[in-house]
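A closer look at the structure
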Amino acid sequence: MSKFNEEDVYIFNPERECMSREDLKELQLKRLQKVVKYAYENVPFYQNSFDKAGVKPEDIKSLEDIQLLPFITKDDLRNTYPFDLQAAPKEDWVEVHSTSGTTGIPTVVAYTQNDLDIWAECTARGLASVGVHKNDIVNVAYGFGLFTGGHGAQYGAQKIGALAVPMSSGNTQRQMNFLKDFPADFLCCTPSYALYLAESFEKEGIDPQSVPLKGGLYGAEMWTEEIRAKLENKFGISAQNIYGLTEVIGPGVSTECHIKDGMHIAEDHFYPEIIDPNTLEVLPEGSEGEIVFTSLTKTGMPVIRYRTKDITSLKYDKCDCGRTTVRMSRITGRSDDMLKVKGVIVFPKQIEEVIMKMDELSPAYQIIVSRPGILDMIEVQVEIDQATFKDSIIDLEGFKHKIAKKIKEAIGIGVKVTLAEPYSLPRSEGKAVRVIDKRDFS
Ligand code: ZN
C-alpha cells in the first residue's frame, strides 16, 4: 500500500515552472547572450575556443545561434584542472565540489553563492513535486563531501524549510534505526541503496512498509522502471527520478514530477540540446541522442554546450502536472559506456530489466565482460531471492537456462548465467558498480 498522497505535491515556483514557451524562450535567449559574453570575457578557454570557431558573443541573436558555438567535453574539463574554467574571481567562491576522478583527473567545480542559490531552487522544485513541505523530515542518504549528491538534496529541503537529516551513505544499521526512530517522511539516495535498505529491514524481519516514508528523489546512477516498481512496492512510496551532474551543477538539473513521464529540466537555468554523438549534429525534437547542456545563470563555472555523454530524448508536450518545462526521458545509456560485445551494442540496462522482472531473483546482480580467447563473453551473476530459496526446491540448471534465454531475447546475444547465494553479491552504499569489463583494449 502506498503512503504517498498525490494531494501533497505542488509546484514550487509556478512563475518559472509554468511559463509559456514563448516567454521562456525569450528569457533563455537573454540569459544565453549574457552567459556567452560573461564566459568569453572571463575564461581564456572560452575566448580561445570561440575565436577558433570564428564566433563572437554578439553573433548570438537567436537560441538557434547556440549551434555556432563549439562544444566543451570532459577532456576539456580535465585539461583545465583544477580551476582554469572558473569565471568568477576567487573571493566569490564559497564551496567546491568534485567528480570522483575514478576514470582520470577529477573535475573540480567552484560554486558562488549565486550558484548555490540556483542549486537549492532546482532541488526544491524536485522535492516539492514529490510532496515535501515545510513540516517534513527529509533523510538524505546520498554521500556528502566533495560529491554533489548529498548537498544538493539538503539545500533543496532547507530551501523549502523542511528538516534535512544529512545521514550520508553507509552505516546501514544507523540508517535503519533513524528511519524507524526519527521518522523521515522522505528518503533521498541512490535507488540501489534504497533497495538495499529495504532488503536489510526484511532481513531483520521488519516490513519496510512499516517505516513512515512517503517518497523521495532517487538518482546518481542509471536505473529502470522495474527497479522503481520494486522500490515503490517494498516501501509503499513514490520513487521519483532526479538527474544532474557536477559539471553542470549537481543533482537537480532535472527532476521527475509525480506523473513520472520524464524529468522536468529547470530550463530557465539549463538549456538542453540533443545531438548525434557521432556527427555532433543537433537532432530534431523527440530524437534519442546525447544530451548537451548550457548553464544559463551559473557564475562560478559556467558550461557552454557541455557534452554529457548521457543518452536520452526530450518531450515538449504539456505534462499533466501543469509544468510547461521540457521533460527528458530516463537515461538509457552513456555514449561511452555502452558495451560492444561480439560487435553488438549492449546497454547494461537491457539486462537489468530482465533481472528485475523475475521475482525469483534479488535486485543485486553483476555483469562481467571478458575475452577468454578471441571471443567476448558476458557473464551475468544473479542472486536467488531469499524467500524463493527457502520455499522451494527449484531446478537450478533449468532456471539458469530460463534466465539466459530471456536475456538473449533482450540483447540478441547469448550470455553465461551464474547463480549466487542470497546476499552474496556486493551491495553498494553509493553508486552501484554493475558492470566489470575485464577486456584489454590496449
Ligand atoms: Zn510533470
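Small disclaimer: the values here were computed from a predicted structure and weren't measured. Residue positions are given per chain, counted from 1 along the sequence in the order it is written. Owing to the predicted nature of the model, reporting of local features is limited to residues with pLDDT of at least 70; listing and counting of side-chain atom pairs is limited to 80 or more, with chain, interface and lining totals taken over all residues. Note that water and hydrogens are dropped before the side-chain values are worked out from all heavy atoms of the structure.

Some thoughts on the coordination of the zinc ion
Sites may look incomplete because water is not among the atoms; the donors themselves are N, O and S atoms within 2.8 Å of the metal, or within 3.2 Å for Na, K and Ca. The protein atoms that coordinate the zinc ion are Cys-257 (SG), His-264 (NE2), Cys-319 (SG) and Cys-321 (SG), at distances of 2.1 to 2.3 Å. Just to be clear on the cut-offs, tetrahedral is four donors with all angles between 85 and 135 degrees, square planar is four donors and octahedral six with opposite donors over 155 degrees apart and all others between 65 and 115, and anything else goes down as irregular. The site at the zinc ion holds four donor atoms, and with the angles between them running 103 to 113°, its shape is tetrahedral. Motif for the zinc ion, donor spacing along one chain: C-x6-H-x54-C-x1-C. Remark: Cys-321 occurs in the loop between β13 (314-315) and β14 (327-328) and Cys-257 occurs in the loop between β8 (250-256) and β9 (263-265); sequence separation between them is 64 residues. Neither residue differs from the other here; Cys-257 and Cys-321 are each classed as buried. A run of H or I in DSSP becomes a helix once it reaches four residues, and a run of E becomes a strand once it reaches two; helices and strands are each numbered from the N terminus. Here's how the labels work: a residue is buried when its accessible area is under 20% of the maximum for its type, exposed when over 50%, partly exposed in between, all with a 1.4 Å probe on protein chains only.

Remarks on the pairing of strand β6 (residues 215-219)
Of all five residues making up β6, five are buried, and the element is well covered by its neighbours. Judged by which residues are buried, β6 turns out to be covered on both faces: Gly-215, Leu-217 and Gly-219 on one side and Gly-216 and Tyr-218 on the other are all buried.

Remarks on the nonpolar core
Residue types Ala, Val, Leu, Ile, Met, Phe, Trp, Tyr and Cys, when buried and joined through side-chain atoms within 4.5 Å, form a set referred to as a nonpolar core. Membership of the largest hydrophobic core comes to 49 residues, with the highest contact counts inside it found for Tyr-218, Leu-231, Phe-235 and Ile-407. Looking at this core, the elements that each hand over two or more residues are α7 (172-181), α8 (191-203), α9 (225-235), β16 (339-341), α10 (348-357), β18 (361-370), β19 (377-384) and α12 (396-411). Residue contributions to this core peak at six residues, all from α8. Note that the domain bounds were set by an automatic or database domain assignment. Viewed by domain, this core spans two of them, domain 1 (6-21 + 109-334) and domain 2 (339-437), each represented by three or more residues. Among the nonpolar cores identified, the runner-up in size contains 48 residues, and Leu-29, Val-109, Met-263 and Phe-293 belong to it.

Digging into the side chain of Arg-330
Take Arg-330: it is sitting in the loop between β14 and β15 (333-334). Each polar contact in these results corresponds to two N or O atoms within 3.5 Å; when the atoms are within protein, one needs to be able to donate a hydrogen and the other to accept it, and residues that are neighboring in sequence are counted only if both atoms are side-chain atoms. One polar contact links the side chain of Arg-330 to the main-chain carbonyl oxygen of Trp-223, over a distance of 3.1 Å.

Quick look at the packing of aromatic side chains
Here a pair means two rings of Phe, Tyr or Trp (six-membered ring of Trp) with centres within 6.5 Å. Their orientation is stacked below 30 degrees between planes, edge-to-face above 60, and tilted elsewhere. Here the structure, examined in full by the defined rule, presents 11 aromatic pairs. Plain terms: the ring middles of Phe-45 and Tyr-46 are 5.5 Å apart, the flat faces sit at 80° to each other, and that makes the pair edge-to-face. Here Tyr-46 and Phe-50 contribute two aromatic rings whose centre-to-centre distance is 5.7 Å and whose plane-to-plane angle is 50°, an arrangement assigned as tilted. On the criterion of helical spacing, the pair formed by Tyr-46 and Phe-50 is a turn pair, its members being four residues apart in helix α3 (residues 44-53). The same class applies to Tyr-46 and to Phe-50, which are both buried. If you follow Lys-298 out to its NZ or CZ, it ends over the ring of Tyr-111, 5.9 Å from the centre. Both a distance and an angle decide whether a charge sits over a ring: NZ of Lys or CZ of Arg must be within 6 Å of the ring centre and within 35 degrees of the ring normal.

Regarding the domain arrangement of the protein
Domains assigned within the protein are domain 1 (6-21 + 109-334) and domain 2 (339-437). When each unit is reduced to the centre of its C-alpha atoms, the spacing between domain 1 and domain 2 is 27 Å. Whether two residues are in contact is decided by their heavy atoms, any of which lying within 4.5 Å being enough. Across the boundary between the two partners, domain 1 contributes 23 residues, which contact 18 residues of domain 2. Between domain 1 and domain 2 the total buried area reaches about 1,800 Å² when both faces are included, carbon and sulfur atoms providing 59% of it. The largest share of the area that domain 1 buries against domain 2 comes from Glu-199, Glu-226 and Lys-230, three residues that together contribute 30% of it. Two parts placed together each lose some accessible area under a 1.4 Å probe, and the buried area is that loss summed for both.

Quick look at the packing of helix α5 (residues 113-128) against helix α6 (residues 149-160)
Helix-helix packing is described using two parameters, namely the angle between the two axes and the distance between the axes. Here α5 crosses α6 at 75°, and the two axes come no closer than 7 Å. By the angle between their axes, α5 is roughly perpendicular relative to α6. In this structure, α5 uses Leu-116, Trp-119, Ala-120, Glu-121, Thr-123, Ala-124, Leu-127 and Ala-128 to contact α6, whose residues at the interface are His-151, Gly-152, Ala-153, Tyr-155, Gly-156, Ala-157, Lys-159 and Ile-160. Of the residues belonging to the contact of α5 with α6, the class tally is 10 nonpolar, four polar and two charged. Convention adopted: a line fitted to C-alpha atoms gives each axis, helices being fitted over their contacting stretch, and angles between N-to-C directions are expressed from 0 to 180 degrees. An angle counts as roughly parallel when it lies under 35 degrees, as roughly antiparallel when it exceeds 145, as roughly perpendicular when it falls between 65 and 115, and as oblique in every other case. For this classification, the nonpolar set comprises Ala, Val, Leu, Ile, Met, Phe, Trp, Tyr, Cys and Pro, the charged set comprises Asp, Glu, Lys and Arg, and every other residue, Gly included, is treated as polar.

Looking at empty space enclosed by the protein
Each cavity reported here is a set of points on a 1 Å grid over the protein atoms alone in which a 1.4 Å probe fits but cannot get out, each pocket an open set with protein on both sides within 12 Å along at least five of seven lines, and each lining residue one with an atom within 4 Å of a point. Grid points are joined across faces, edges and corners, and a volume is the space filled by probe spheres set on the points. Tallied over the entire structure, the rule returns two cavities of 30 Å³ or more. Each pocket or cavity is described by its volume, and for the largest cavity that value is around 90 Å³. Contributions of two or more residues to the lining of the largest cavity are made by α5, β8 and β9. In terms of residue class, the lining of the largest cavity is built from three nonpolar, five polar and three charged. Each pocket or cavity is described by its volume, and for the second largest cavity that value is around 30 Å³. Surrounding the second largest cavity, Leu-77, Thr-80, Pro-82, Leu-85, Thr-107, Val-108 and Met-301 form its lining.

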